[in-house]
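Spelled out from the first residue to the last, the chains are:
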Amino acid sequence: GAGVSQSPSNKVTEKGKDVELRCDPISGHTALYWYRQSLGQGLEFLIYFQGNSAPDKSGLPSDRFSAERTGGSVSTLTIQRTQQEDSAVYLCASSLWGQGNTGELFFGEGSRLTVL
Amino acid sequence: AQKVTQAQTEISVVEKEDVTLDCVYETRDTTYYLFWYKQPPSGELVFLIRRNSFDEQNEISGRYSWNFQKSTSSFNFTITASQVVDSAVYFCALSDFGVNQAGTALIFGKGTTLSVSS
C-alpha cells in the first residue's frame with residue numbers, strides 16, 4: 001500500500017513477555033519515527049531513524065525498549081519483559097526531508113498493546 | 001531542550017463559534033519547524049500545516065488560520081465558524097533543523113481536545 005503500515009494492529013500479552021511491533025514506512029522515506037500514545041495522552045517520542053545516521057534513542061523510556069531499522073526500510077520496536085504501564089498505542093511515522101519536501105510525518109494506524 | 005506547551009487541555013464551543021488553540025514552544029535553535037496535527041475520534045493523525053522559523057507570515061486555509069509570532073514563541077491555530085466535524089484532538093509539534101539538513105524528531109505538545117456541539 002501507499003501508506004505507513006503497522007502490525008499487529010492489536011496485541012494482548014501477559015506481563016513479563018516480550019513483544020515485537022513492526023512498521024513498514026512509505027517507500028523512499030528516509031526518516032522513521034516511533035511514538036507512544038497512552039489513553040487520553042499526547043504523543044511521547046520514543047526513537048527516530050534518519051537515513052544512515054545513528055538513531056536518536058533519547059525518548060526510549062527504559063532499556064527494555066529497543067528498535068531496529070533494517071535496510072533503511074522496515075523497523076521493529078521490541079519491548080522486553082512487558083509491564084502493565086507499557087499498555088498504549090504505538091505509532092510509527094515516516095517522512096522525507098529535504099528537496100523541497102515539507103517533512104510532514106505520515107502516521108500509521110498504530111499498534112494497540114495491552115499488557116495484562 | 002525542545003518543549004511544546006498546549007495549555008488548553010479541553011475546549012468546548014458551539015457550532016459557528018470561532019476558537020483559537022494556543023501553542024507555545026521552546027527551542028535554542030534558530031532554525032526549526034512547527035507543525036499542527038489533527039487526531040479525530042477515528043484515531044489517525046492528520047497533518048495540517050508546517051511552518052519554518054524564517055517564515056512568519058500568517059497562513060489561512062479555508063476556515064483554518066495560523067498565527068506565528070517568534071517574539072512570543074507562539075504558533076496559534078484558529079478555526080473560524082467551527083463545525084461538529086472539527087471535533088478532535090489537535091497537536092502542536094516542533095522539530096529542530098539537524099546537522100544533516102534534515103529535521104530532528106518531532107516533539108509534540110500534549111494536545112488540546114476540541115469539542116464542537118451543534
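Before reading on, note that the structure itself is shown above.
As a convention, each chain's residues are numbered from 1 in the sequence order in which they are written. The lettering of chains begins at A and the numbering of ligands begins at 1, in the order of writing. Since the coordinates come from a predicted model, pLDDT governs what is reported: local features require at least 70, and pairs of side-chain atoms require 80 or more to be given and counted, while whole-chain, interface and lining totals use all residues. Only heavy atoms go into the side-chain values, all of them from the structure, while hydrogens and water stay out.

Overview of the state of the cysteines
Threshold: Throughout, disulfides are identified as pairs of cysteine sulfur atoms within 2.5 Å of each other. Strands here are runs of E lasting at least two residues and helices are runs of H or I lasting at least four, both read from the DSSP assignment and numbered beginning at the N terminus. When accessible area is computed with a 1.4 Å probe and restricted to protein chains, residues below 20% of their type maximum are described as buried, those above 50% as exposed, and intermediate ones as partly exposed.
The tally for this structure, following the rule as stated, stands at two disulfides over all chains. The disulfide partner of Cys23 of chain A is Cys92 of chain A, and the gap between their sulfur atoms is 1.9 Å. Measuring handedness by torsion sign, the sulfur bridge of Cys23 of chain A and Cys92 of chain A sits at about -70 degrees and is left-handed. Here Cys23 of chain A is found in strand β3 (residues 19–24), whereas its partner Cys92 of chain A is found in strand β8 (residues 88–95), with 69 residues between them in sequence. What makes Cys23 of chain A buried here is its relative accessible area of 0%. Two residues share a disulfide in this structure: Cys23 of chain B and Cys92 of chain B, whose sulfurs sit 1.9 Å from each other. In this structure the cystine formed by Cys23 of chain B and Cys92 of chain B twists about its S-S bond by roughly -65 degrees; its chirality is therefore left-handed. You can see Cys23 of chain B sitting in the loop between β3 (19–21) and β4 (24–26) and its partner Cys92 of chain B sitting in strand β10 (residues 88–96), a full 69 residues away along the chain. Judged by its relative accessible area of 0%, Cys23 of chain B is buried. Residue Cys92 of chain B is classed as buried on the basis of its relative accessible area of 0%.

Focus on the pairing of strand β2 (residues 10–14) of chain B
Residue and element names in this part refer to chain B. Rule in force here: By definition, two strands form a pair when at least two bridges between them are found by DSSP.
Here β2 shows one buried face, formed by Ile11 and Val13, and one open face, formed by Glu10, Ser12 and Val14. Bridge count between β2 and strand β12 (residues 112–117): five bridges; the pairing is parallel. Along β12, the bridge assignment pairs Val13 with Val116.

With respect to the layout of surface pockets
Rolling a probe over the atoms, with the probe sized like a water molecule, indicates the empty space that remains. The cut-off we apply is this: Using only the protein atoms, space was sampled on a 1 Å grid; points where a 1.4 Å probe fits but cannot get out form cavities, open sets with protein on both sides within 12 Å along at least five of seven lines form pockets, and lining residues are those with an atom within 4 Å of a point. Grid points are joined across faces, edges and corners, and a volume is the space filled by probe spheres set on the points. Side-chain classes are defined by residue name, with Ala, Val, Leu, Ile, Met, Phe, Trp, Tyr, Cys and Pro counting as nonpolar, Asp, Glu, Lys and Arg as charged, and the others, Gly among them, as polar.
What the largest pocket holds in volume is close to 660 Å³. For the largest pocket, the lining is made up of 33 residues, of which Gln37, Ser38, Gly40 and Gln41 of chain A together with Gln39 of chain B are closest to its centre. Of the residues that constitute the lining of the largest pocket, the class distribution is eleven nonpolar, 17 polar and five charged. Here the second largest pocket defines a volume of roughly 250 Å³. Every residue lining the second largest pocket is counted, 16 residues in all, and those nearest its centre are Leu43 of chain A together with Val4, Phe108, Gly109 and Lys110 of chain B. When residues in the lining of the second largest pocket are grouped by element, the largest group, three residues, is from strand β1 (residues 3–5) of chain B.

Let's talk about the nonpolar core
Note the threshold: Definition used in this section: a nonpolar core is a set of buried Ala, Val, Leu, Ile, Met, Phe, Trp, Tyr and Cys residues joined via side-chain atoms within 4.5 Å. It only takes one pair of heavy atoms within 4.5 Å for two residues to be counted as in contact.
If you look at the biggest cluster of nonpolar residues, it comprises 23 residues, and the most contacted ones within it are Trp36, Phe77, Tyr90 and Leu114 of chain B. Sorting elements by how many residues they give to this core places β10 of chain B first, with four residues. Those residues in contact with Phe77 of chain B that sit more than four places away from it in its chain are Val19, Thr20, Leu21, Trp36, Leu48, Tyr64, Ser65, Trp66 and Tyr90 of chain B. Judged by nonpolar contacts, the second largest core, of 21 residues, contains Val89 of chain A together with Tyr37, Val89 and Phe108 of chain B.

Things to note about the packing of aromatic side chains
To describe a pair of aromatic rings, one takes the distance between the centres and the angle between the planes. Residues and elements named next belong to chain B. Selection criterion: Within 6.5 Å between ring centres, the rings of Phe, Tyr and Trp (the latter by its six-membered ring) count as paired, and their orientation is classed by plane angle as stacked under 30 degrees, edge-to-face over 60, tilted in between.
One pass over the structure, following the stated rule, counts 20 aromatic pairs over all chains. On the basis of an interplanar angle of 50 degrees and a centroid distance of 5.1 Å, the ring pair of Tyr25 and Tyr32 is categorised as tilted. Residue classification places Tyr25 among the buried positions, given a relative accessible area of 3%. Ring centres 6.3 Å apart and planes at 25 degrees place the aromatic pair Phe35 and Tyr37 in the stacked group.

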